[in-house]
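# Observations on the three-dimensional arrangement
So you can see what is in the structure, the chains are spelled out below.
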Amino acid sequence: MTVAVDLDAYFKRVGYGGSAEPTLETLRRLHALQPAAIAFENLDSLMGRPVRIDAGAIQQKLISEGRGGYCYELNGLLGHVLRAIGFEVTGLLAHALLGQTMAGTPRTHMVLKVETPEGPHIADVGFGSRTLSAPLSLEGAGEQTTPHGAFRLTRVGAYLEEQALMEDAWTSLYRFSLEEHTQADYEVCNWYHSTHPASPFTNRLMASRFDGPRRLGLLNNRFAIHHADGRTQTRMLASADEIAGVLEHQFAIVLPCPREALLATLARGLA
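Procedures and definitions
Note that residues are indexed from 1 along each chain, following the sequence as it is written. Residues qualify for local features only when their pLDDT is at least 70, as the model is predicted, and side-chain atom pairs are given and counted only at 80 or more; totals for whole chains, interfaces and linings, by contrast, use all residues. Hydrogens and water molecules were not included; the side-chain quantities draw on all heavy atoms of the structure. Summary of the burial criterion: residues with accessible area below 20% of their type's maximum are buried, those above 50% are exposed, and those between are partly exposed, where the area comes from a 1.4 Å probe applied to protein chains only. Only DSSP runs of H or I with at least four residues qualify as helices, and only runs of E with at least two residues qualify as strands; both kinds are numbered from the N terminus onward. Whether two residues touch is decided by their heavy atoms; if any such pair falls within 4.5 Å, the residues are in contact. Here, any two strands with at least 2 DSSP bridges between them count as paired. What counts as an axis is a line fitted to C-alpha atoms, over the stretch in contact for a helix, and the angles between N-to-C directions run from 0 to 180 degrees.

### A look at helix α4 (residues 55-64)
The buried count for α4 comes to seven of ten residues, which makes it a mostly enclosed element. Taken as a whole, α4 has its buried residues at Ala55, Ala57, Ile58, Gln59, Lys61, Leu62 and Ile63. Of the surrounding elements, those touching the buried residues of α4 are α1 (7-14), α3 (43-46) and α5 (71-85).

Now the structure itself:
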(Lines give C-alpha, C1' and ligand atoms only; values in the text may rest on other atoms or scores of the structure.)
Protein backbone atom coordinates (compact mmCIF):
# COMPACT_ATOMS: atom_id res chain seq x y z
CA MET A 1 0.00 0.00 0.00
CA THR A 2 1.33 3.43 -0.96
CA VAL A 3 1.19 6.03 1.84
CA ALA A 4 1.67 9.78 1.79
CA VAL A 5 5.39 10.57 1.88
CA ASP A 6 6.96 14.01 1.82
CA LEU A 7 9.61 13.18 -0.77
CA ASP A 8 11.04 16.70 -0.80
CA ALA A 9 11.61 16.59 2.97
CA TYR A 10 13.15 13.11 2.72
CA PHE A 11 15.45 14.10 -0.14
CA LYS A 12 16.60 17.14 1.85
CA ARG A 13 17.20 14.98 4.95
CA VAL A 14 19.42 12.50 3.10
CA GLY A 15 21.00 15.00 0.69
CA TYR A 16 19.56 13.59 -2.53
CA GLY A 17 19.26 15.63 -5.69
CA GLY A 18 18.30 14.49 -9.14
CA SER A 19 15.68 12.36 -10.82
CA ALA A 20 13.06 10.55 -8.72
CA GLU A 21 12.55 7.74 -11.23
CA PRO A 22 12.26 4.04 -10.26
CA THR A 23 15.66 3.03 -11.63
CA LEU A 24 18.48 0.97 -10.18
CA GLU A 25 20.66 4.09 -10.06
CA THR A 26 18.05 5.89 -7.93
CA LEU A 27 17.87 2.89 -5.58
CA ARG A 28 21.65 2.74 -5.28
CA ARG A 29 21.97 6.45 -4.51
CA LEU A 30 19.27 6.45 -1.85
CA HIS A 31 20.66 3.24 -0.36
CA ALA A 32 24.04 4.93 0.08
CA LEU A 33 22.72 8.28 1.30
CA GLN A 34 20.15 7.23 3.91
CA PRO A 35 22.44 5.28 6.29
CA ALA A 36 24.99 8.10 6.09
CA ALA A 37 22.40 10.74 7.04
CA ILE A 38 20.07 8.77 9.35
CA ALA A 39 21.76 6.69 12.03
CA PHE A 40 20.80 3.30 13.36
CA GLU A 41 19.95 3.88 17.05
CA ASN A 42 17.72 2.49 19.79
CA LEU A 43 17.41 5.37 22.26
CA ASP A 44 13.62 5.18 22.58
CA SER A 45 13.43 1.50 23.52
CA LEU A 46 16.44 1.95 25.83
CA MET A 47 14.62 4.81 27.59
CA GLY A 48 11.40 2.81 27.88
CA ARG A 49 9.54 4.93 25.35
CA PRO A 50 7.07 3.49 22.82
CA VAL A 51 8.39 2.95 19.30
CA ARG A 52 5.70 3.57 16.68
CA ILE A 53 6.31 2.27 13.17
CA ASP A 54 3.34 3.62 11.22
CA ALA A 55 4.34 5.79 8.27
CA GLY A 56 3.43 9.08 9.92
CA ALA A 57 5.37 8.36 13.11
CA ILE A 58 8.44 7.19 11.20
CA GLN A 59 8.52 10.33 9.06
CA GLN A 60 8.00 12.58 12.09
CA LYS A 61 10.84 10.98 14.04
CA LEU A 62 13.42 10.32 11.33
CA ILE A 63 12.78 13.28 9.02
CA SER A 64 11.24 16.09 11.09
CA GLU A 65 12.90 15.43 14.45
CA GLY A 66 16.35 14.47 13.12
CA ARG A 67 16.44 11.15 14.94
CA GLY A 68 17.56 7.70 13.85
CA GLY A 69 15.90 4.35 14.41
CA TYR A 70 16.17 0.60 13.96
CA CYS A 71 15.18 -1.77 11.16
CA TYR A 72 11.38 -1.31 11.22
CA GLU A 73 11.84 2.46 11.13
CA LEU A 74 14.83 2.71 8.78
CA ASN A 75 13.75 0.10 6.25
CA GLY A 76 10.14 1.16 6.78
CA LEU A 77 11.00 4.70 5.75
CA LEU A 78 13.01 3.57 2.74
CA GLY A 79 10.18 1.25 1.67
CA HIS A 80 7.59 4.05 1.83
CA VAL A 81 9.88 6.36 -0.15
CA LEU A 82 10.60 3.77 -2.83
CA ARG A 83 6.91 2.95 -3.27
CA ALA A 84 6.10 6.66 -3.56
CA ILE A 85 8.72 6.95 -6.32
CA GLY A 86 7.17 4.04 -8.19
CA PHE A 87 9.14 0.95 -7.19
CA GLU A 88 7.46 -2.36 -6.42
CA VAL A 89 8.59 -3.23 -2.87
CA THR A 90 7.97 -6.40 -0.86
CA GLY A 91 8.57 -6.56 2.88
CA LEU A 92 10.45 -9.62 4.16
CA LEU A 93 11.51 -10.98 7.56
CA ALA A 94 14.86 -12.58 8.36
CA HIS A 95 16.44 -14.68 11.10
CA ALA A 96 19.42 -12.70 12.44
CA LEU A 97 22.43 -15.05 12.61
CA LEU A 98 25.39 -12.81 13.41
CA GLY A 99 26.67 -13.88 16.82
CA GLN A 100 23.71 -16.23 17.37
CA THR A 101 22.50 -19.75 16.59
CA MET A 102 19.67 -20.53 14.20
CA ALA A 103 17.70 -22.30 16.96
CA GLY A 104 17.55 -19.15 19.07
CA THR A 105 16.61 -16.59 16.45
CA PRO A 106 13.02 -15.89 15.43
CA ARG A 107 12.31 -14.09 12.17
CA THR A 108 12.30 -10.48 13.32
CA HIS A 109 14.66 -8.48 11.07
CA MET A 110 12.94 -6.41 8.39
CA VAL A 111 14.41 -6.57 4.86
CA LEU A 112 13.08 -5.21 1.55
CA LYS A 113 12.87 -6.82 -1.89
CA VAL A 114 12.83 -4.13 -4.57
CA GLU A 115 12.01 -4.71 -8.24
CA THR A 116 14.18 -2.79 -10.71
CA PRO A 117 14.49 -2.88 -14.51
CA GLU A 118 17.67 -4.92 -13.95
CA GLY A 119 15.93 -7.46 -11.76
CA PRO A 120 15.02 -7.86 -8.08
CA HIS A 121 17.36 -6.55 -5.37
CA ILE A 122 17.60 -6.82 -1.60
CA ALA A 123 17.71 -3.46 0.19
CA ASP A 124 18.59 -3.15 3.89
CA VAL A 125 19.56 0.12 5.58
CA GLY A 126 18.80 -1.13 9.10
CA PHE A 127 21.15 -3.94 10.17
CA GLY A 128 23.26 -1.93 12.60
CA SER A 129 27.00 -2.36 12.32
CA ARG A 130 26.67 -4.47 9.13
CA THR A 131 24.14 -2.35 7.29
CA LEU A 132 24.45 -2.46 3.51
CA SER A 133 25.50 0.70 1.66
CA ALA A 134 24.23 -0.68 -1.67
CA PRO A 135 21.44 -3.06 -2.70
CA LEU A 136 22.32 -6.67 -3.55
CA SER A 137 21.08 -8.33 -6.72
CA LEU A 138 18.96 -11.40 -6.05
CA GLU A 139 20.09 -12.73 -9.42
CA GLY A 140 23.78 -12.06 -8.85
CA ALA A 141 25.99 -15.05 -8.13
CA GLY A 142 29.00 -14.82 -5.85
CA GLU A 143 30.60 -11.77 -4.28
CA GLN A 144 28.94 -8.37 -4.68
CA THR A 145 30.98 -5.27 -3.88
CA THR A 146 29.52 -2.32 -1.97
CA PRO A 147 31.22 0.92 -0.85
CA HIS A 148 31.61 -0.64 2.61
CA GLY A 149 32.68 -4.20 1.95
CA ALA A 150 31.89 -7.35 0.03
CA PHE A 151 28.67 -9.32 0.50
CA ARG A 152 26.97 -12.27 -1.11
CA LEU A 153 23.60 -14.06 -1.15
CA THR A 154 23.77 -17.84 -0.96
CA ARG A 155 21.06 -20.50 -1.10
CA VAL A 156 20.67 -22.59 2.09
CA GLY A 157 17.84 -25.06 1.58
CA ALA A 158 14.59 -23.10 1.29
CA TYR A 159 16.29 -19.90 2.45
CA LEU A 160 18.64 -17.25 1.19
CA GLU A 161 21.49 -16.20 3.43
CA GLU A 162 23.23 -12.84 3.39
CA GLN A 163 26.92 -13.08 4.21
CA ALA A 164 29.64 -10.47 4.66
CA LEU A 165 33.37 -10.86 4.04
CA MET A 166 34.81 -10.18 7.49
CA GLU A 167 38.52 -10.66 8.25
CA ASP A 168 38.96 -12.72 5.06
CA ALA A 169 36.12 -15.12 5.93
CA TRP A 170 32.47 -15.21 4.90
CA THR A 171 30.25 -14.60 7.94
CA SER A 172 26.49 -15.21 7.94
CA LEU A 173 24.42 -12.14 8.86
CA TYR A 174 20.84 -13.34 8.41
CA ARG A 175 18.67 -15.92 6.66
CA PHE A 176 15.38 -15.19 4.91
CA SER A 177 12.81 -16.39 2.42
CA LEU A 178 10.94 -14.34 -0.16
CA GLU A 179 7.60 -14.73 1.64
CA GLU A 180 5.87 -11.38 1.88
CA HIS A 181 5.21 -9.87 5.32
CA THR A 182 2.91 -7.01 6.21
CA GLN A 183 2.67 -4.13 8.66
CA ALA A 184 0.84 -6.39 11.13
CA ASP A 185 3.83 -8.77 11.23
CA TYR A 186 6.23 -5.88 11.84
CA GLU A 187 4.03 -4.45 14.60
CA VAL A 188 4.31 -7.72 16.57
CA CYS A 189 8.09 -7.90 16.08
CA ASN A 190 8.50 -4.23 16.96
CA TRP A 191 6.49 -4.63 20.17
CA TYR A 192 8.77 -7.47 21.29
CA HIS A 193 12.02 -5.71 20.43
CA SER A 194 11.02 -2.37 21.92
CA THR A 195 9.53 -3.66 25.19
CA HIS A 196 10.73 -7.14 26.17
CA PRO A 197 13.36 -7.13 28.95
CA ALA A 198 15.38 -9.78 27.09
CA SER A 199 15.51 -7.77 23.89
CA PRO A 200 18.97 -6.34 23.12
CA PHE A 201 17.27 -3.06 22.19
CA THR A 202 15.98 -2.48 25.72
CA ASN A 203 19.17 -3.18 27.64
CA ARG A 204 22.14 -1.86 25.66
CA LEU A 205 22.89 1.22 23.60
CA MET A 206 23.57 0.65 19.91
CA ALA A 207 24.29 3.16 17.17
CA SER A 208 25.92 3.04 13.76
CA ARG A 209 26.35 5.32 10.76
CA PHE A 210 28.41 5.60 7.59
CA ASP A 211 30.85 8.52 7.57
CA GLY A 212 32.35 8.63 4.09
CA PRO A 213 34.27 5.36 3.66
CA ARG A 214 34.20 4.69 7.41
CA ARG A 215 31.71 2.83 9.58
CA LEU A 216 31.02 4.34 12.99
CA GLY A 217 29.76 2.10 15.77
CA LEU A 218 28.74 2.58 19.39
CA LEU A 219 27.94 -0.20 21.86
CA ASN A 220 27.16 1.22 25.30
CA ASN A 221 30.27 3.35 25.90
CA ARG A 222 32.58 1.68 23.35
CA PHE A 223 32.99 3.96 20.32
CA ALA A 224 34.58 2.35 17.24
CA ILE A 225 35.68 3.76 13.90
CA HIS A 226 36.12 1.09 11.22
CA HIS A 227 38.29 2.26 8.33
CA ALA A 228 38.15 1.05 4.74
CA ASP A 229 41.66 -0.45 5.00
CA GLY A 230 40.57 -2.77 7.83
CA ARG A 231 41.89 -0.72 10.74
CA THR A 232 39.62 -0.15 13.72
CA GLN A 233 40.08 2.60 16.28
CA THR A 234 38.25 2.23 19.58
CA ARG A 235 37.72 4.55 22.51
CA MET A 236 35.93 3.97 25.81
CA LEU A 237 33.73 6.94 26.66
CA ALA A 238 34.02 7.95 30.29
CA SER A 239 30.71 9.66 31.06
CA ALA A 240 27.09 9.93 29.99
CA ASP A 241 27.80 13.48 28.77
CA GLU A 242 30.60 12.16 26.54
CA ILE A 243 28.32 9.45 25.12
CA ALA A 244 25.65 12.04 24.40
CA GLY A 245 28.20 14.24 22.65
CA VAL A 246 29.33 11.37 20.42
CA LEU A 247 25.72 10.51 19.54
CA GLU A 248 25.06 14.12 18.65
CA HIS A 249 28.23 15.00 16.75
CA GLN A 250 29.50 11.70 15.32
CA PHE A 251 26.16 10.00 14.66
CA ALA A 252 24.29 13.21 13.71
CA ILE A 253 21.36 12.46 16.04
CA VAL A 254 19.18 15.23 17.43
CA LEU A 255 18.96 13.93 21.00
CA PRO A 256 15.59 13.32 22.66
CA CYS A 257 14.49 15.43 25.61
CA PRO A 258 14.54 15.80 28.53
CA ARG A 259 18.33 15.64 28.62
CA GLU A 260 18.37 14.57 32.27
CA ALA A 261 16.39 11.41 31.47
CA LEU A 262 18.65 10.66 28.51
CA LEU A 263 21.82 11.07 30.59
CA ALA A 264 20.45 8.81 33.31
CA THR A 265 19.75 6.14 30.71
CA LEU A 266 23.19 6.50 29.10
CA ALA A 267 24.91 6.26 32.49
CA ARG A 268 23.60 2.71 32.88
CA GLY A 269 25.76 1.60 29.96
CA LEU A 270 29.09 2.78 31.39
CA ALA A 271 31.56 -0.10 31.82
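### Examining the pairing of strand β9 (residues 169-176)
On a regular strand, one side chain projects to one face of the sheet and the next to the other, so that they alternate. Both strand β2 (residues 88-96) and β9 contribute to a ladder of three bridges, which runs antiparallel. Its bridge partner being in β9, Ala96 is matched across the sheet by Tyr174. Pairing between strand β8 (residues 159-166) and β9: seven bridges, direction antiparallel. Counted as the bridge partner of Leu165 is Trp170 from β9. Hairpin connection between β8 and β9: a loop of two residues separates the two successive antiparallel strands, and Glu167 in this loop has a positive phi of roughly 55°.

### Topic: the sheet that holds strand β13 (residues 232-236)
Sheet strands associate in pairs through backbone hydrogen bonding, adopting either a parallel or an antiparallel arrangement. One open sheet holds the five strands; their spatial order is β1-β10-β11-β12-β13, and the pairing between them is antiparallel. Taken across any chain shown, the strands that pair with only one partner, and hence form the sheet edges, are β1 (40-41) and β13. With five bridges connecting them, strand β11 (residues 214-219) and strand β12 (residues 222-226) associate as antiparallel partners. Paired with Leu218 across the two strands is Phe223, which belongs to β12.

### Topic: the sheet that holds strand β6 (residues 144-146)
Reading across from one edge, β5-β4-β3-β2-β9-β8-β7-β6 is the order of the eight strands in this open sheet, with antiparallel pairing throughout. Edge positions in the sheet fall to β5 (136-137) and β6, since each of these pairs with one other strand and no more. On top of the sheet, α5 reaches β2, β3 (107-116) and β4 (119-123); it is set at about 20° to β3, its chief contact.

### Remarks on the side chain of Ser208
Relative to the helices and strands, Ser208 resides in strand β10 (residues 206-211). In this structure Ser208 comes out as buried when scored by relative accessible area, which is 7%. Leaving out residues up to four positions away in the same chain, Ser208 has contacts with Ala39, Phe40, Gly128, Ser129, Leu216, Gly217 and Phe251.

### Quick look at the environment of Leu173
Structurally, the position occupied by Leu173 is in strand β9. Spatially, the C-alpha atoms of Leu173 and Leu97 are 5.1 Å apart, while their sequence positions differ by 76 residues. Setting aside its immediate chain neighbours within four residues, Leu173 contacts His95, Ala96, Leu97, Leu98, Phe127, Arg130, Phe151, Glu162, Gln163, Ala164 and Met166.

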